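Each chain, letter by letter, is given below.
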Amino acid sequence: MRILILGGGPAGLGAAWRLAEQGNEDWLLCEADDHFGGLSASFQDTDGFVWDFGGHVLFSHYTYFDNVMNSLLKDSGGWLVHNREAWVWMQERFVPYPLQNNIHKLPKNVYWECLNGIIDIQNQSKQTKPENFAEWVNKTFGKGLARCFFNPYNFKVWAYPLEQMGISWVGERVAPVDLKQVLHNAVFQNEDTLWGPNSTFRFPKNGGTGAIWNSLAAQLPSEKLHLNKRAVAVDIHKRVVTFSTGESETYDALLNTMPLTDFVKMAELDEPFAKPPSLKYSSTHVVGLALKGNPPEELASKCWIYFPEGSCPFYRCTVFSNYSPNNVPHGDTQWSLMFEVSESDEKRVDSSAVIEDVIQGALNTGLISDRASLDHTWYRFERKGYPTPSVNRDRNSTPLQVYLEKNGVYSRGRLGAWKYEVGNMDHSFMQGVEFVNHLIASGEELTLWYPEIVNNLHPSGRKG
Ligand SMILES: Cc1cc2nc3c(=O)[nH]c(=O)nc-3n(C[C@H](O)[C@H](O)[C@H](O)COP(=O)(O)OP(=O)(O)OC[C@H]3O[C@@H](n4cnc5c(N)ncnc54)[C@H](O)[C@@H]3O)c2cc1C
C-alpha cells in the first residue's frame, strides 16, 4: 500500500515516524513550506531572537508520545523542565490561574460578585442541558465570573460570540469550580495553581518548539521527506495528487493534514461534498517584542498571562525568554515577550496597526514600562490558527470524513480533523500515528473519535 502524506507538521511527521518505525518503505511526505513543524515551527529573526508561533507548551496524554520526545534533541542541548506559572491580569493585578479557584485575590466587590454567582448555581436545576458555550459558562461558573472574566476572555480568544460555540471541547480545557475549594482557598489564603495536564512542561533548550520537529524529521529517511512541495489538486477517484511544480504522485491511502476546508477546495469531490463544509476558524496574529535589559521582578518567573480586559488587544502574553535563555542572543541583557491576537469575521483586526496596538497594550498593562526598552518587533500571521468548536461542527464535518475515508483519504491533525479538543501537538502527532496503526492493523483511532477518553488518560494517572 502506497501512502502519501500532505503536510510536515506534527500530524504528518507522526505518521511518517510510525511508518519508518514499522519498516514500511512505500510512503512519501510532501510539505508546502521550506521547513517542518507547521504551526509548531519556530523562527529566528535577523537579530538572533527565537520565536514560536504563539506560546507553545509541550504536554502529553500518551506514553508513546513521551517516549518519542525522550529520544529527540540529543544533539541540540536537550530539554528544560518548567513549573507552569500562569496568571490572569485583571483589575490592575496578577491573579493566579485558574482564576475561578483564586477569586479571593480580586477586589472585594468583584470577589463577592463572583462568589455570589457560584452560590447561585449550587441551587440550579441540573436537568436542562446547556445548548452552547455561553449557557455552559453561566451554568458552570455563575453570572459573576461570566461577566468579569469568562465572557470577555473567551471572545478575545475565539473571536466569536460564545453563543456560536459548542461545548464538546471544554472537558479538559476549562477548570471546573468547586465552592468548598474556593472557600478553602479564601480562608487559608492559598494560591491554587496546579489544575490541569500542563502544570509542568518541558521546552527545548535551543531553537524553540520547532527544534522538536526538526530533530524528529532528521531521524527519518531524508529521501522520503520533500519540502517546498505544495499540493494543488487531488483526484480522489484516480488517487492522484498534483503539485505546484507540475509533478504528480499516486497513492493508495492519502493522509491530509492541511485544513479540511482547503483540501475540499482543491479536490474533486462528489455531491453533496463538492463545497467545503461550513466550519468556523479564527486567524492568529503573533507579535514579538524583543527587549533590552531584564524582565521586571514580577515577570521574572512567569510563563504566560491571560488578559480578559479591553486595555490591550491580546488575550495572552508569553514571557518567552523565561522558556529558555537561548530564545534571546544575550540572556543577561535581553528578554522577550510574545503576544497573540485573534481575528474572525465577527472580530476584525487592523493588521497594519496590530504591532503598535500590542506595544500600547503592553504599556497599558504594565508589562513594559517605556518604549525605550524595546529593541525591535517580530510579526507573523496565520489565516487558520484555531479550528473553532462551533455549535454544528461535528454535524458538518463527520459525514465528509466518512465519505473521504471510503475514498482512501484520511484528514487528520489540528485543522485536518478540525477538532480543537484534540488539536495540540501531542494529539496531532498521535492522530498521525493512529492513522498508520489503523491502516496496517485496523487499530482504533482513539484520539480522533474518542477525545474524551484520551484526554483523561494521563501517563501519571492524574485526570485532566
Ligand atoms: C497560537 C497557537 C498556540 C498553540 N499553542 C500550543 C501549545 O501550547 N501546545 C500544543 O501542544 N499545541 C499548541 N498549538 C497547536 C499546535 O500548533 C498544533 O497542534 C500543531 O501544529 C498541529 O499539527 P498538524 O500537523 O496537525 O498541523 P499544522 O501544524 O498546521 O501542519 C500542517 C502542515 O501542512 C502543510 N500544508 C498546508 N497546505 C499544504 C499543501 N497544499 N501541500 C502540502 N503541505 C501543505 C503546512 O505548511 C503545515 O506545515 C498552538 C497553536 C496555535 C495557533
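The structure presented is a predicted model; accordingly, all values stated were derived computationally and were not measured.

1. Description of the sheet that holds strand β13 (residues 253–256)
A sheet is described by the order of its strands in space; here 5 strands give the open sequence β9-β2-β1-β13-β19, paired in parallel fashion. Each edge of the sheet is formed by a strand with only one pairing partner; in this case those strands are β9 (225–226) and β19 (409–411). Bridge analysis of strand β1 (residues 3–6) against strand β2 (residues 27–30) gives 4 bridges, and the strand direction is parallel. Considered in β2, the bridge of Leu4 is made with Leu28.

2. As for the nonpolar core
The biggest cluster of nonpolar side chains holds 127 residues, and the ones touching the most others in it are Ile5, Ala15, Leu254 and Leu337. Top contributing element to this core by residue count: helix α4 (residues 133–158), with 11 residues. Counting contributing residues per domain, this core is built from domain 1 (3–41 + 64–76 + 209–279 + 390–454) and domain 2 (98–187), each supplying no fewer than three. Discounting chain neighbours no more than four positions away, the residues touching Ala15 are Ile5, Leu255, Gly432, Val433, Phe435 and Val436.

3. Points about helix α3 (residues 108–122)
Over its 15 residues, α3 runs 21 Å from end to end, which matches the ideal 21 Å to within 8%, given 1.5 Å per residue. Listed in full, the buried residues belonging to α3 are Cys114, Leu115, Gly117 and Ile118. Looking down the long axis of α3, one finds its buried residues gathered within 155° of arc, a one-sided arrangement. Facing away from the buried side of α3 by more than 90 degrees, the exposed set consists of Lys108, Asn109 and Asn116. Buried residues along α3 sit against α4 and α6 (179–187).

4. Some words on the packing of helix α1 (residues 10–21) against helix α7 (residues 210–218)
Taken N-terminus to C-terminus, the directions of α1 and α7 make an angle of 25°; their axes are 11 Å apart at the nearest point. Taken together, the axes of α1 and α7 are roughly parallel relative to one another. As α1 runs across α7, the sense of the crossing is left-handed. Along the contact surface, α1 presents Pro10, Leu13 and Trp17, while α7 presents Trp213, Leu216 and Ala217. Tallied by class, residues from the contact of α1 with α7 come to 6 nonpolar, no polar and no charged.

5. Remarks on the site of the ligand
Among the 36 residues in the neighbourhood of the ligand, the closest are listed as Gly7, Gly9, Gly38, Gly54 and Gly413. Here the shell around the ligand is composed, by residue class, of 13 nonpolar, 17 polar and 6 charged.

6. Comments concerning the sheet that holds strand β6 (residues 86–90)
Reading across from one edge, β7-β6-β15-β16-β17-β14-β18 is the order of the 7 strands in this open sheet, with mixed pairing throughout. Where the open sheet ends on each side, the last strands, each with one partner, are β7 (93–96) and β18 (374–387). The average undirected angle you get between the axes of adjacent strands in this sheet is 25°. Sheet topology places strand β15 (residues 304–306) next to strand β16 (residues 316–318); 3 bridges connect them, and they run antiparallel. Its bridge partner being in β16, Tyr306 is matched across the sheet by Arg316.

7. Points about the domain arrangement of the protein chain
Under the domain assignment, the protein chain is made up of domain 1 (3–41 + 64–76 + 209–279 + 390–454) and domain 2 (98–187). If you average the C-alpha positions of domain 1 and of domain 2, the two centres end up 36 Å apart. At the interface, 6 residues of domain 1 touch 8 residues of domain 2. Here the residues of the side of domain 1 that touches domain 2 are counted per class, giving 2 nonpolar, 1 polar and 3 charged.

8. Structural notes on the packing of α1 against helix α12 (residues 425–441)
Two elements in contact, α1 and α12, have axes whose closest approach is 7 Å; the angle formed by their N-to-C orientations is 40°. When the interaxial angle is binned, α1 and α12 end up oblique. The handedness of the crossing between α1 and α12 is right-handed. Between α1 and α12, the contacting residues are Pro10, Ala11, Gly12, Leu13, Gly14, Ala15, Trp17, Arg18 and Leu19 on the first element and Met425, Ser428, Phe429, Met430, Gln431, Gly432, Val433, Phe435, Val436 and Asn437 on the second.

9. Focus: the pairing of strand β11 (residues 240–243)
With 4 bridges joining them, strand β10 (residues 231–235) and β11 adopt antiparallel strand pairing. Bridge pairing in β11 places Val234 opposite Val241. Between β10 and β11, which follow one another and run antiparallel, lie 4 residues, and Arg239 among them has a positive phi close to 60°. Pairing geometry for β11 and strand β12 (residues 248–250), over 3 bridges, is antiparallel. Its bridge partner being in β12, Val241 is matched across the sheet by Glu249. Hairpin connection of β11 to β12: 4 residues between the antiparallel strands, including Gly246 at a positive phi of 95°.

10. Section: the environment of Gly78
Within the secondary structure, Gly78 sits in the loop between α2 (63–70) and β5 (79–83). Take Gly78: there are 12 C-beta atoms within 10 Å of it, and that puts it in the exposed class. The sequence separation of Gly78 and Ile212 amounts to 134 residues, and the corresponding C-alpha distance is 9.7 Å. With sequence-adjacent residues up to four places away left out, Gly78 is seen in contact with Leu73 and Lys205.

11. Let's talk about α12
Residues three or four positions apart in an α-helix share a direction because the helix packs 3.6 residues into each turn. An ideal rise of 1.5 Å per residue puts 24 Å on 17 residues; α12 measures up with 24 Å between its terminal C-alpha atoms. Burial analysis of α12 places 13 of its 17 residues in the buried class, the great majority of the element. After α12 finishes, the residue Ser442 shows a positive phi value of roughly 55°.

12. Regarding unusual backbone geometry
Note: most peptide bonds trans; most residues except glycine with negative phi. Between Tyr97 and Pro98 the backbone carries a cis peptide bond, its omega angle lying at -5°. Along the chain, Pro98 falls in the loop between β7 and α3. With an omega of 5°, the peptide bond between Glu271 and Pro272 qualifies as cis. Inspection of the secondary structure assignment puts Pro272 in the loop between α8 (260–266) and β14 (281–292). Notably, Trp418 is not glycine yet its phi reads approximately 60°, a positive angle.

Rules used in this analysis
Residues numbered from 1 in each chain as written. Predicted model: local features only at pLDDT ≥ 70, side-chain atom pairs only at ≥ 80, totals over all residues. Pairing = 2+ DSSP bridges. Helix = DSSP H or I, 4+ residues; strand = E, 2+ residues; numbered from the N terminus. Core = buried A, V, L, I, M, F, W, Y, C linked by C-beta atoms within 7 Å. Buried ≥ 20, exposed ≤ 12 C-beta atoms within 10 Å, placed from the backbone. Domains from an automatic or database assignment. Contact = placed C-beta atoms within 7 Å. Expected span 1.5 Å × (residues − 1). Arc of directions from axis to C-beta. Axes fitted to C-alpha atoms, helices over the stretch in contact; angles between N-to-C directions. Parallel < 35°, antiparallel > 145°, perpendicular 65-115°, else oblique. Left-handed = near helix turned anticlockwise from the far one by under 90°. Nonpolar A, V, L, I, M, F, W, Y, C, P; charged D, E, K, R; others polar. Near = placed C-beta within 6 Å.

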